[in-house]
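Remarks on the overall topology
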Amino acid sequence: MTKTPGKIEILRGDITQTAADAIVNAAKSSLMGGGGVDGAIHQAGGPAILEACIQIVNQTGPCPAGEAVITTAGNLPAKYVIHTVGPVWSGGHKGEPEKLANCYCNALLLAAKNHCRTIAFPNISTGVYGYPKPEAAQIALATIKQTLPLVPDIEKVVMVCFYQENFELLKQL
Ligand code: ADP
């Protein structure tokens, strides 16, 4: 029997406090932590997350933009952190839209592969990486909607917006 695709929820808040099976980190390619949501996740989750990231980089090298890897969530309420690397905005003609879409798609596929039923995303690339927020919001929602039918066991996707602007953009869409 075909299941109905999972629901999408849009919330304002701090993703580190979100009790989803997996929360997504907008990581850097080095997976070594950084500022923004990346810093917040490593700080709240504790050193186990960085240790797992170091192991991954030692085995497979840095994570290219658009790809995703999974680690423990350490002390966070989530079970896993899925680290995906958003594109750095440089005008929009260097494959940024495809890379951003790949982040959402690959994170969802990886969550499903690890038997997650709920997953929470931040607004990938819209901080330091400078992706225009309206375009990023559109890609996020369109990609999640396209991918959900491929991952029928995912029941809920939460977009956790740290900033009111992203929250309003997503609500409008
Ligand atoms: P990027 O380098 O991908 O742009 P940033 O961390 O700078 O990553 O920003 C990505 C988004 O995450 C931004 O919209 C930022 O406001 C948001 N953000 C920062 N901290 C948190 C948090 N604790 N929970 C959810 N979103 C957050």
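This text goes with the structure placed above it.
Residues numbered from 1 in each chain as written. Predicted model: local features only at pLDDT ≥ 70, side-chain atom pairs only at ≥ 80, totals over all residues. Heavy atoms only, no water.

Moving on to the site of the ligand. Around the ligand, a shell composed of 17 residues is seen, among which Asp 14, Ile 15, Val 37, Thr 126 and Gly 127 lie nearest. Between the ligand and the protein, one listed contact pairs an oxygen atom with a side-chain N or O atom of Thr 126 at 2.8 Å. Here an oxygen atom of the ligand and a backbone polar atom of Gly 127 are 2.9 Å apart. Contact with the protein chains hides 94% of the accessible area of the ligand, taken as 560 Å² for the molecule alone. No other element matches helix H1 (residues 36-45), which puts three residues into the shell around the ligand. Considering only residue class, the shell around the ligand consists of nine nonpolar, seven polar and one charged. (Near = heavy atom within 4 Å. Polar contact = N/O pair within 3.5 Å; in protein donor to acceptor, adjacent residues only side chain to side chain. Areas by Shrake-Rupley, 256 points an atom, 1.4 Å probe, with all protein chains shown as cover. Helix = DSSP H or I, 4+ residues; strand = E, 2+ residues; numbered from the N terminus. Nonpolar A, V, L, I, M, F, W, Y, C, P; charged D, E, K, R; others polar.)

A few words now on the pairing of strand E6 (residues 156-161). Burial analysis of E6 places five of its six residues in the buried class, the great majority of the element. Bridge analysis of strand E1 (residues 7-12) against E6 gives six bridges, and the strand direction is parallel. Counted as the bridge partner of Arg 12 is Cys 161 from E6. Read from strand E5 (residues 118-121) through helix H4 (residues 133-147) to E6, the crossover connection turns out right-handed. (Buried < 20%, exposed > 50% of the residue type's maximum accessible area, 1.4 Å probe, protein only. Pairing = 2+ DSSP bridges. Right-handed = clockwise from strand over helix to strand, strands pointing away.)

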